[in-house]
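This is what each chain is made of:
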Amino acid sequence: MEQNEVFNPPAEFSNSASIKSLDEYKRLYQAAADDKEKFWAEQAQAVHWFAPWSKVLDWSNPPFARWFIGGQTNVAYNCLDRHLTTWRRNKAAIIWEGENFEQRTLTYQELYRKVCKFANALKELGLKTGDRSIIYMPMIPEAAVAMLACARLGITHSVVFGGFSAEALKTRIQDLEAQIVITANSGLRRGKDVPLKQSVDEALKHCPTVKNVIVYKRQEIPTHMQSGRDHWWDDMTLDRPETCPAEQLDSEHPLYVLYTSGTTGKPKGVVHSTGGYLTQVLSTMKWVFDIRDDDVYWCTADIGWVTGHSYVVFGPLAAGATAMMYEGAPDWPKQDRFWRLIEKYRVTIFYTSPTAIRSFIRQGDQWPEGHDLSSLRLLGSVGEPINPAAWKWYHKVIGKERCPIVDTWWQTETGAIMISPIPGATPAKPGSATLPLPGVFPEILDDKGNKIEGAGKGFLVLTQPWPAMLRTLYKDPERFKENYFSRFPGIYFTGDAATRDNDGYIWVLGRVDDVINVAGHRLSTMEVESSLVRHKSVAEAAVVGAPHELKGQAIHAFVTLKSSEKESDILYDNLREWVAQEIGALARPEKIHFVAALPKTRSGKIMRRLLREIVTTKSVAGDTSTLEDYNVILQLSRQGKEEEEILGEKK
Ligand code: WT7
C-alpha cells in the first residue's frame, strides 16, 4: 500500500528544530486536549497585549466564538514596533523582486516608517477605526504596507486578488461598503501590464460608498485620475510624519474580511479577528515552519488569498522573520524563475502549491537542476491534496531528499494551518496532511453524523472552536450558521471528505460540496453557472469540476443554448472569455459541452453528480433513480466520450 510509505524527519533537522520529536508533539497535543484554554493562553504570551484579557474563550453563544476577552492588541504593532526595540530593527523584513528584476529590501525600521506614513495618509482622508478598505494590488511591498497601515488604525481591510475582474471587485466593494480603495496604476504579469486602475474605475461606477482612491505608481504609464477622488500614493505620503500610534484594539476587532466562494453564486465575506488570529498564526509559524532568525522564508501565495495574509504578511512579520515576495509569474522570463530566486536569495523555507509543483514536473528537471538549491531546509505545500508522485518529486528534485515537506491543510475560514506535519517530529506519508496541530480537534463523521473511530472515511469536521477561526460571514450571521454548523448541528463542517488510516493520519480527499478547487483556488460552481446564464445565448448551465493533470480540477460547463442560437467554435470561445471577463481568468472554463438538455431530478434540480461522473469516468454508474429523463444521460455520456475524441486538447 502506498499509504504505508513513510519518510522520517531527517535527524539533522530534528536536532535543531523547535519541536524535536513525535513524543514532544504528542505532549503538546495532549496538553491542549487536557485544557485547551490554558494551552492557548500560554500561546498568547507570544503576542504583545496593551491590556490583558480577563477570559480566554467565550463560547456561550455558539457558533460565535470570542477569544481573549477584554484583551487589547494591534497586529501591525506586533509585526513592526515590537521588533524595533531589538536587534531586528535593521533586519530585512521583506525582500522583494519585481517580475522585471527590480529589487527592494525593506528592513523592519523602513517598513515601519512606510506603514506609519501611509496610515497618516489614511487618517488625512478621514479614515478611522471601524471603517473598511479594499486593497486591490499587485505583489509589491506596498500591498503589505497597505494591509499593515489598515491594521494599525483598525480599518478592516479586504484584499481582492489582482486577477479578479472589475465585476468581481465591484460586488466585493459593495458588500463591504468600503470607504476607500487602495490600488496601483498597473500590475506586471508575464511582461504585460495588468490594468488594475482601469478595473477600479469601472467598478467604482457602481460604488457610491467609495470616496477616495489611493493609487501606487507601479509603472510610468498614462493613468486616468479622477480629481477629488483619486490620489497618488507618493503625493499622499511625501513629507508625512514617520510615526503614527497603533490603535489599541479589542481582541475581537475585525482585522480583515476575505471573500471566498461558497456553494451559492454570492461570495462569502469571511471575517477574521485580531488577538486570536494573531496568536494561532504566530504559533503555527513556529510549529510548522520552525521559523528561525536566520531563515529566508518564501511563501509564493498572492496576498489575494488567505495564505498571503497569514503566511506572507502577518505570520512571518509577527515572528520577526525575513520574508521574500516575488511579483510575477513562475515561468517568466524562463521556467526557472523560482529556482533562480531561491539560489539568488539563499531561500531556506519554500512554501508553494501542488499545482505549481505539478507544472514544474511537466517542465522538466533541467530547470531546477541548473540552480544551486542547497540553501533550502524545509518545503511546504498548500491548497489541495498533493498527489504522492508530486510529493516525491518535490522531495527528491527540489529538497534533494534532505528537506522535510509540510503538507498543510487549512482553509480561508480556519485562518491558520490546522493539520500538518511538524517537520522535525512527524514522519511524513506522501499525500497525507498527517496529524492535527495542538489545539485542533478534527473528527471524521459518517453521513448520519456518527463519529468514525479509528480508520475510516467520511466528512471532516472540527469539534471545538480555535482562536483563528472565522467569527462570522460579513453582515450575514445566518449564512454563517447555516453554511458551517447545520450539516452536523453545532459542529464546524469543513466541506471536505477525508480518510483516517490506522496510524491516525488524515488524508484529505477534497470538497464534497459545490465548491471546486482549480489550481488551489476556490470557485463555486454556482458562481460560474450564474455568469454563463447571464450570456445572451445561454439557456441553462451546469458546472462541475473534472480531474486535471496540472490544476487538480478544471471547470467543465454543460450548456444548453436558447433555441435561436447555434453552437459554434466562436460561441465556444466567447463563452469561455465571457466567464473570464466576468469573474477573472482563473474561472475560465476548461471546456464547454454544448448539450441538448441537462439531467434533472423530477423536482427540477440539476444532477451535477451525474455530470461529474461523466467528466470523471466518461460514463454513469451511480444512482439515476431520481432522474427525470434517462435519455438525457445516455446522450450526455455518449457525448462525453465523443467530445474527448473530437475536441482533444481544444483550448
Ligand atoms: C480548501 C480550502 C488554505 C489556503 C489555501 C486554500 C483544500 C487546502 C489542502 C491540503 C488537501 C487541501 C481543501 C480545503 N486544501 N489545503 N494540504 N490537502 N486539501 O484555501 O480557498 O479556503 O480552500 O482547499 O479542500 O477545504 P481555500
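Residues numbered from 1 in each chain as written. Predicted model: local features only at pLDDT ≥ 70, side-chain atom pairs only at ≥ 80, totals over all residues. Heavy atoms only, no water.

A. Broad picture of the sheet that holds strand β24 (residues 492–500). Overall, antiparallel pairing links the 4 strands, which are arranged β21-β22-β24-β25 in an open sheet. Here the strands that pair on one side only, and so sit at the sheet edges, are β21 (442–445) and β25 (506–511). Ignoring which end each strand starts from, the neighbouring axes of this sheet average 45° apart. Of the strand pairs in this sheet, β24 and β25 are connected by 5 bridges, and their pairing is antiparallel. Paired with alanine 498 across the two strands is valine 508, which belongs to β25. (Pairing = 2+ DSSP bridges. Helix = DSSP H or I, 4+ residues; strand = E, 2+ residues; numbered from the N terminus. Axes fitted to C-alpha atoms, helices over the stretch in contact; angles between N-to-C directions.)

B. Summary view of unusual backbone geometry. Going from proline 62 to proline 63, the amide bond is cis rather than trans, its omega being 5°. Among the secondary structure elements, proline 63 is positioned in the loop between β1 (55–58) and β2 (66–69). Look at the link from tryptophan 332 to proline 333: it is a cis peptide, with omega at -5°. Note that proline 333 resides in the loop between β17 (322–326) and α13 (337–345). Positive phi is not limited to glycine here, since arginine 190 has a value of about 50°. Residue classification places arginine 190 among the partly exposed positions, given a relative accessible area of 37%. A positive phi is found at aspartate 239, a non-glycine position, where the angle reads about 65°. Within the secondary structure layout, aspartate 239 lies in the loop between α10 (233–237) and β13 (249–250). (Buried < 20%, exposed > 50% of the residue type's maximum accessible area, 1.4 Å probe, protein only.)

C. Layout of the site of the ligand. Taken together, 17 residues sit near the ligand, with Asp407, Thr408, Thr412, Asp496 and Arg522 positioned nearest. The contact in question runs from a nitrogen atom of the ligand to an N or O atom on the backbone of glycine 383, over 3.2 Å. Arginine 522 places a polar side-chain atom, nitrogen or oxygen, 2.7 Å from an oxygen atom of the ligand. Summarising the interface, the protein chains cover 95% of the accessible area of the ligand, which totals 560 Å² for the free molecule. Only α12 (306–318), β20 (405–408) and β25 provide two or more residues apiece to the shell around the ligand. Among the residues making up the shell around the ligand, the classes are represented as 6 nonpolar, 6 polar and 5 charged. (Near = heavy atom within 4 Å. Polar contact = N/O pair within 3.5 Å; in protein donor to acceptor, adjacent residues only side chain to side chain. Areas by Shrake-Rupley, 256 points an atom, 1.4 Å probe, with all protein chains shown as cover. Nonpolar A, V, L, I, M, F, W, Y, C, P; charged D, E, K, R; others polar.)

D. Summary view of the side chain of lysine 36. By the element assignment, lysine 36 lies in helix α3 (residues 36–43). Although lysine 36 is buried, it forms no salt bridge, and the closest oppositely charged side chain is glutamate 37 at an N-O distance of 5.7 Å. (Lys, Arg positive; Asp, Glu negative; His and termini not counted. Salt bridge = Lys/Arg side-chain N within 4 Å of Asp/Glu carboxyl O.)

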